[in-house]
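Single-letter residue listing:
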Amino acid sequence: MKVLILGGGTVGSTAADFLCKEGHKVTVIDRNPDVIDLLGGSLDIRGIQGNASSVAKLVEAGAATQDLCLALTNNSEVNLVVSSVAKAMGAKRVAARVYADLFRSQKLFNFRKNFRIDALLGIEYLTAMEILRRIRDPDSVIVEHFAQGNTEMQEIIITQETKATGVPLHQLKLPGTVRIGSIRRDGRISIPTAADTINPGDRVSLLGEPHAIEGVKKLFDIAPLKKRSILIAGAGEVALYLAKVLVKRGNIVKLIEMNKENGQRLSEAIPEAIVLYGDARRRNVLAEARAAECDYFVGATDDDETNIMCCIEAGSLGTGSVIAVVHNTDYGGLVEKLGINATVSPHEMVRRQVEGLLHSGALTFANPYLLGYGIEVVELAAQENSPITESPLKECGLPRRSLLASVVRDATPQLPDADFRLQPGDTAVALVHKDDEQRLVELFTDRNNRPPREKETVLGSIIEALSKSTPDQGGPRA
């Protein structure tokens, strides 16, 4: 694919490196000539020095012919505008990196729809969500960014028989806002049908409204998550997003920050959290913050060395578990030897997001990592004249190994039932087995935009099958 990257900083260079290694044709625009020289010297890219928001530079880079345009500068407003311009010029798919919560929530204004942007990339937000997954349960799955954060996925372990086990799913009285997404049993995972049952020992993923999920867990005698005590070092976006979600779920959250202005901003944004001032790398500061009594310590500053050092100190004081945000992948092997329980890499979040965007047509994003075992979480856009918009879901012929988890319409997420009917422009989040993905994508694709060779391929397959099973006129096949 042809990919244009606007901004060659840390995130842009990470994306360029990944894409080049995957064999894609990459062009990078950056105003700093040293950045262009550095990238050009280490990667097989086309580098253009200049302002990424310049229409002339977009024309020079061939924005109109690009399969994917990634606006990854350090300015959200620039990214929104320039990706929208690239889309108008003819780029097939565009994505913009954004920072502020406003752009992701879209409650006041749907930036994605009105700017015609295919995806908004919140790297810091996704990093915080990955940390949250580690805090809740190292083996659990939690996806806060489904349907703009209003739909969550949790994986629970069924430890005993209850009134809800051994009962066909269609007989369970689940709330209309919760779905059984998958069942993992004996090392295999499946997307269940209405006739399937849940048994002791199963790992089950639940999708729906967070509050409703907690109610469903009670059917299986799953105890609610206990209140945790978490100490976070840092005042950046990762720390802010993480603290907000942890406080919202009733946890005790303390943050350590040296800069009083940043600390004041945290206090105003999260009044329920306790903000302490000091250098988190210093043992006495951590001791005063009672790090030894905390269940988790998270090093979430913008500096890798600071995160590693304060995690080491917190671990030596007796903190239950320590997690460090580490950008430099070269530190991966080192931190394991230093007693740090886990690391989370924003660079890995970048790679996953970019990888998920390397698709075309109705399939706008795919994530094979959340569940594994051949089950992908995909995002699909319902196109005009697509089969999925012509009938209720129960009549659309959805693949058996698929599940529509959420539908977003006019920035409002909805959980579809069998009678739900999608409209052109709707975005659906689905679970699907990789072997059935193409069939699901076809249902969301404009009938007029399907490749003409599709019918020829099917006909060719039939002819080939018949030729193998039918004797030649001149005698039987050997």
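Keep in mind it's a predicted model, so treat the numbers as computed, not measured.

Rules used throughout
Residues numbered from 1 in each chain as written. Predicted model: local features only at pLDDT ≥ 70, side-chain atom pairs only at ≥ 80, totals over all residues. Heavy atoms only, no water. Helix = DSSP H or I, 4+ residues; strand = E, 2+ residues; numbered from the N terminus. Expected span 1.5 Å × (residues − 1). Buried < 20%, exposed > 50% of the residue type's maximum accessible area, 1.4 Å probe, protein only. Polar contact = N/O pair within 3.5 Å; in protein donor to acceptor, adjacent residues only side chain to side chain. Pairing = 2+ DSSP bridges. Axes fitted to C-alpha atoms, helices over the stretch in contact; angles between N-to-C directions. Contact = heavy atoms within 4.5 Å. pLDDT = per-residue confidence, 0-100.

## Notes on helix α12 (residues 304-317)
Inference 1: With 14 residues, α12 should reach 20 Å at 1.5 Å per residue; the first-to-last C-alpha distance of 20 Å fits that figure.
Inference 2: Among all positions of α12, only D304, T306, N307, I308, C310, C311 and A314 are buried.
Inference 3: At the N-terminal end of α12, a side-chain oxygen is found 3.3 Å from the backbone nitrogen of E305, two or three residues along, and the residue is D303.
Inference 4: Directly after α12, the chain includes G318, whose backbone phi takes a positive value near 110 degrees.

## Observations concerning the sheet that holds strand β10 (residues 203-208)
Inference 1: Overall, antiparallel pairing links the 4 strands, which are arranged β7-β10-β8-β9 in an open sheet. Lying at the two open borders of the sheet, with one neighbouring strand each, are β7 (152-157) and β9 (188-190). The mean inter-strand angle of the sheet, taken between neighbouring strand axes irrespective of direction, is 20 degrees.
Inference 2: Across 3 bridges, strand β8 (residues 178-185) lies against β9 in antiparallel orientation. When the sheet's bridge partners are listed, I183 is paired in β9 with S190.

## Overview of the environment of I375
Inference 1: Tracing the sequence through the fold places I375 in strand β18 (residues 375-381).
Inference 2: Residue I375 is classed as buried on the basis of its relative accessible area, which comes to 2%.
Inference 3: Sequence spacing of I375 and D435 is 60 residues, and the spatial spacing of their C-alpha atoms is 9.1 Å.
Inference 4: Ignoring any residue separated from it by four or fewer positions in sequence, one finds I375 in contact with I189, I191, P368, L431, V432 and H433.

## Things to note about the confidence of the model for the chain
In low-pLDDT regions, the fine details of the predicted coordinates are not to be read closely.
Inference 1: Scored by pLDDT, the chain has a mean of 85; 88% of the residues are at 70 or more.
Inference 2: Within the chain, helix α16 (residues 453-469) has the poorest average pLDDT of any element, 45, and strand β1 (residues 2-6) the best, 97.

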